[in-house]
Amino acid sequence: MCWMCDRPGATERDYLDHMRQLIRTYGWAVQGVEREGLHPPWAYTVGLTRRRRPELVITGLGLTRATEVLNIVAGHLLHADVPAPGTQATLVDGPIVEVVRVDAPWAHLNVAVEIYGRRIQGLQLVHADKRGRWPWDREYQGVRGGQPVLGSREPPARRIRVG
């Protein structure tokens, strides 16, 4: 269930205050969006903007796994250079991801927009399937509903290891 569903009478302002408290405590929070019909689940960070970093988003992974991946990469991002779009990263105990700049972060990262405004930046962590194929590959076999890519792919920049 969602945070507000578990708290009858809570308002959107209450929820935003809760998220701000998580950000103060942990440095960022993760906002999940549950699967709805054929639309796959997705999740994104809220709070990295405060640290002059882009927010991170991942689509097509279950919320628990998405949160784990986002937390690993967000923790790394606080102590490293922001990866260029096209960077591929092998995550320890995680999938291979490629960084894609989110074309319209204000359209997808609603809670981050509510807290930081429309000038936020976003990077999507696009993940390969079990065979190492990407959503832009014809043979890609992702989750039900696919893995929406929220920006244009750029040529691979480099490979790194995270975690």
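Keep in mind the model is a prediction, meaning the values are calculated, not measured. (Residues numbered from 1 in each chain as written. Predicted model: local features only at pLDDT ≥ 70, side-chain atom pairs only at ≥ 80, totals over all residues. Heavy atoms only, no water.)

1. Digging into the overall build of the protein
- Scanning the protein for helices and strands turns up 4 helices and 7 strands.
- Listing every helix and strand of the protein by position from the N terminus yields α-β-β-β-α-β-β-α-α-β-β.
- Taking the principal axes of the C-alpha coordinates as reference, the protein spans close to 45 × 35 × 30 Å.
- Going through the 163 residues of the protein one by one, you find that 42% of them count as buried.
- Accessible surface for the protein amounts to roughly 9200 Å². Of this, 48% is attributable to carbon and sulfur atoms.
- For the protein, the distance from the average position of its 22 positive side-chain charges to the average position of its 17 negative side-chain charges is 4 Å. (Helix = DSSP H or I, 4+ residues; strand = E, 2+ residues; numbered from the N terminus. Buried < 20%, exposed > 50% of the residue type's maximum accessible area, 1.4 Å probe, protein only. Areas by Shrake-Rupley, 256 points an atom, 1.4 Å probe, with all protein chains shown as cover. Lys, Arg positive; Asp, Glu negative; His and termini not counted. Charge placed at Lys NZ, Arg CZ, Asp CG, Glu CD.)

2. Details of the nonpolar core
- Judged by nonpolar contacts, the single largest core of 19 residues is most densely connected at L56, I58, V69, L91 and L125.
- Secondary structure elements with two or more residues in this core: β3 (55-59), α2 (63-77), β4 (88-91), β5 (96-101) and β6 (122-127).
- Top contributing element to this core by residue count: α2, with 6 residues.
- With near-sequence residues (within four places) excluded, I58 lies in contact with W42, A43, A66, V69, L70, L125 and H127.
- M19, V102, I120 and L150 belong to the second-largest nonpolar core, a separate cluster that totals 18 residues. (Core = buried A, V, L, I, M, F, W, Y, C linked by side-chain atoms within 4.5 Å. Contact = heavy atoms within 4.5 Å.)

3. Things to note about the packing of aromatic side chains
- This model, assessed by the stated rule, comprises 2 aromatic pairs.
- For the ring pair W42 and Y44, a centre distance of 5.6 Å and an interplane angle of 25 degrees mean the geometry is stacked.
- Consider the rings of W134 and W136, whose centres lie 5.7 Å apart with planes at 10 degrees: the pair is stacked.
- Residue classification places W136 among the partly exposed positions, given a relative accessible area of 29%. (Phe/Tyr/Trp six-rings, centres within 6.5 Å; stacked < 30°, edge-to-face > 60°.)

4. Thoughts on the pattern of salt bridges
- For the structure shown, the criterion picks out 3 salt bridges.
- For the salt bridge of D17 with R20, the shortest nitrogen-to-oxygen distance reads 3.3 Å. Highlighted residues: D17 and R20, both in helix α1 (residues 12-26), separated by 3 residues, approximately one helical turn.
- The class for D17 is partly exposed, based on a relative accessible area of 37%.
- What makes R20 partly exposed here is its relative accessible area of 30%. (Salt bridge = Lys/Arg side-chain N within 4 Å of Asp/Glu carboxyl O.)

Structural measurements only, silent on function.
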